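Coordinate inspection notes
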Amino acid sequence: AAALAAAYPVLISADGAVMSETLFGLLVVLALLAAYGFRDHPKWQRAIHLGGIVGLAALTRGEALILLPLVVVPLCLRAPRRAVTLVAATAACAAVILPWTVRNLTTFDRVVPISTNEGSTLAGANCDAVYRGRDIGGWEIRCVPPIPGEESVQAARFRREGLEYALDHAGRLPVAMGARVLRSFGLLQPLRHARNAEGRAETMEVLGAFAFYPVALLGVAGAVVLRRRRAPLYLLLAPVAVTAIVTALGYGVPRFRHPADLALVVLAATAIDALLRRREGSAERPGPGDQARAPVPR
């Protein structure tokens, strides 16, 4: 998995861009490691560790809070002391985020728990330009015109306009949401996204657009392997779900797939490992007549 991640153009390009995805990906991986540790040893101290890392990830990108219902809650409900571990994890997450939230409450005119980005996201993802045509499922800056006022007030107005447009065009919303998911998972205009990737290295993005497909297919095979082994699969599928949820509610772009890419690398490595083990087993298995020719051990 480490070798695959080191050579995967998608992850190389993301790190080179020096955007939030690099730190966010690291924290998501640390959260998954903490989740596996808590699953093996469900103690309240490990619940605090897990909740704190999710809080740090949420300060990097707010969608990390989706890991609470997808990862933290199911793990805590399976723990011997369910209430204690759940309260410990949730409190740790809140404690990490709280200082920043207090700062925002004392700075902005409107309530801003973590960020104001969701306002412009909703406005740019819900307008005529991205509900039909070539750009369906994308984001349009022309739908977010500059308006006077303080930042949180602007965000509130953008949020309201985006939600109102979505409700007024509810019939087109499922189509737009489907296009968003296709875009993020490289199934709609992948090369166009690669060549217009917000300042990232174009060559590496194009290579990543092609490399994603074998990694994704191997990831699906790895998920099947884990399923057959009856290993818990939901922890590795949680980052994929985060990508799908954020994309469907926001807009589609491969950059939002970063958590899913990390999980797919691990799943792909699982498939490769299973294949290598099967080949080694076939090579070591004696063929017809080999048993009779083998020397009798003393």
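Structure shown above.
Remember, predicted model here, so these are calculated numbers, not experimental data.

Here is what the cut-offs are and how they apply
- Each residue is numbered by its place in its chain's sequence as written, counting from 1.
- Restriction of local features to residues with pLDDT of at least 70 applies here, the model being predicted, together with a cutoff of 80 or more for giving and counting side-chain atom pairs; totals for whole chains, interfaces and linings are based on all residues.
- The basis for the side-chain values is all heavy atoms of the structure; hydrogens and waters are excluded.
- Helix and strand assignments come from DSSP, with helices taken as H or I runs of at least 4 residues and strands as E runs of at least 2, each series counted from the N terminus.
- Accessibility here uses a 1.4 Å probe with only protein chains present; expressed as a share of the type maximum, an area under 20% marks a residue as buried, one over 50% as exposed, and anything in between as partly exposed.
- Exposure above 30% relative accessible area and the absence of a salt bridge qualify a residue for a patch, where like charges join within 9 Å and nonpolar side chains (Val, Leu, Ile, Met, Phe, Trp, Tyr) within 5 Å.
- Per-residue and other accessible areas were derived by the Shrake-Rupley procedure at a 1.4 Å probe size, with only the shown protein chains allowed to occlude residues.
- By convention in these notes, a salt bridge is any Lys or Arg side-chain nitrogen within 4 Å of a carboxyl oxygen on Asp or Glu.
- Residue contacts are defined here by distance: any two heavy atoms, one from each residue, within 4.5 Å place the two residues in contact.
- Here, two cysteine sulfur atoms that lie within 2.5 Å of each other are counted as a disulfide.
- A helix is expected to reach a length of 1.5 Å times the quantity of its residues less one.
- Along the arc lie the directions from the helix axis toward the C-beta atoms.
- Inter-axis angles, ranging from 0 to 180 degrees, are taken between N-to-C directions of lines fitted to C-alpha atoms, where helices are fitted over the stretch in contact.
- Orientation categories follow fixed angle ranges, with anything under 35 degrees roughly parallel, anything over 145 roughly antiparallel, 65 to 115 roughly perpendicular, and all other angles oblique.
- Three classes are used, and their members are as follows: Ala, Val, Leu, Ile, Met, Phe, Trp, Tyr, Cys and Pro are nonpolar, Asp, Glu, Lys and Arg are charged, and the others, Gly among them, are polar.
- Each aromatic pair joins two rings of Phe, Tyr and Trp (for Trp, the six-membered one) with centres within 6.5 Å, and gets the label stacked for planes under 30 degrees apart, edge-to-face for over 60, and tilted for any other angle.

Attention now moves to unusual backbone geometry. One non-glycine residue, valine 18, lies in the positive phi region at around 55°. Along the chain, valine 18 turns up in the loop between α2 (9-17) and α3 (20-40). Positive phi, close to 55°, is recorded for glutamine 189, a residue that is not glycine. Following the sequence through the fold, glutamine 189 ends up in the loop between α9 (173-184) and α10 (190-195). According to the relative accessible area criterion, glutamine 189 is partly exposed, its value standing at 22%.

Turning next to a nonpolar patch on the surface. Taken together, the side chains of Leu23, Leu26, Val29, Leu30 and Leu33 present a nonpolar region at the surface, about 420 Å² in accessible area. On the secondary structure map, leucine 26 appears in helix α3.

Assignment of secondary structure puts tyrosine 8 in the loop between α1 (2-7) and α2. A residue is classified by how much of its surface remains accessible, and tyrosine 8, at 2% relative accessible area, is buried. Non-local contacts of tyrosine 8, meaning those with residues more than four positions away in its chain, are made with Ala211, Phe212, Val215, Arg257, Asp261 and Val265.

Residue position: arginine 200 is located in the loop between α10 and α11 (202-228). The class of arginine 200 is buried, set by a relative accessible area of 13%. Apart from the residues within four sequence positions on either side, arginine 200 is in contact with Ser13, Ala14, Ala17, Met19, Glu21, Glu205 and Arg255.

Glancing now at the state of the cysteines. Enumeration over the complete set of coordinates arrives at one disulfide. In this model cysteine 127 forms its disulfide with cysteine 143; the gap between the sulfur atoms is 2.0 Å. Classification of the bridge connecting cysteine 127 and cysteine 143 rests on its S-S torsion, roughly 80°, and on that basis the disulfide is right-handed. Residue cysteine 127 is located in the loop between α7 (117-125) and α8 (151-168), and its partner cysteine 143 is located in the loop between α7 and α8; the two are separated by 16 residues in the primary sequence. Pair check on accessibility: cysteine 127 and cysteine 143 agree, each one buried. No disulfide involves cysteine 76; its sulfur sits 11 Å from that of cysteine 93, the nearest cysteine.

Attention now moves to α9. Each α-helix turn comprises 3.6 residues. Residues three or four places apart therefore point the same way. If you check α9, its first and last C-alpha atoms are 17 Å apart, about what 12 residues at 1.5 Å a residue would give, namely 16 Å. Among the residues making up α9, those that are buried are Ala176, Ala179, Arg180, Arg183 and Ser184. The arc that holds the buried residues of α9, viewed along the axis, is 130°, so those residues lie on one side. In the core, the buried residues of α9 are packed alongside α7, α10 and α12 (234-249). Glycine 186 occupies a position one or two residues after α9 and carries a positive phi of about 65°.

Examined against the element boundaries, glutamate 205 turns out to sit in helix α11. What makes glutamate 205 buried here is its relative accessible area of 13%. Residue contacts for glutamate 205: discarding those within four places in its chain leaves Ser13, Ala194, Ala197 and Arg200.

It is worth spelling out the pattern of salt bridges at this point. As enumerated under the stated definition, the model contains 13 salt bridges in all. Glutamate 118 is the salt-bridge partner of arginine 159, the closest N and O atoms lying 2.5 Å from each other. In this pair, arginine 159 sits in helix α8 while glutamate 118 sits in helix α7, placing the two residues 41 residues apart along the sequence. For arginine 159, a relative accessible area of 26% puts it in the partly exposed group. On the basis of relative accessibility, which here comes to 31%, the residue glutamate 118 falls in the partly exposed class.

The next subject is the packing of α3 against helix α5 (residues 67-78). Relative orientation of the contacting elements α3 and α5 amounts to 5°, with a least axis distance of 10 Å. With respect to their mutual orientation, α3 and α5 come out roughly parallel. In contact with Ala35, Phe38 and Arg39 of α3, α5 contributes Val71, Leu75 and Cys76. A per-class count over the contact of α3 with α5 returns five nonpolar, no polar and one charged.

Each aromatic ring pair is summarised here by two numbers: the centre-to-centre distance and the angle between the ring planes. Throughout the structure, instances matching the rule amount to four aromatic pairs. Ring geometry for tyrosine 131 and tyrosine 165: centres 5.0 Å apart, planes at 90°, overall edge-to-face. Residue tyrosine 131 is found in the loop between α7 and α8, and its partner tyrosine 165 is found in helix α8; the two are separated by 34 residues along the sequence. Exposure class is identical for tyrosine 131 and tyrosine 165. Each is buried. Consider the rings of phenylalanine 212 and tyrosine 213, whose centres lie 5.8 Å apart with planes at 65°: the pair is edge-to-face. Ring pairing ties together the aromatic residues Trp139, Tyr251 and Phe256, which thus form one cluster.

Shape is all these values report; function is a separate question.
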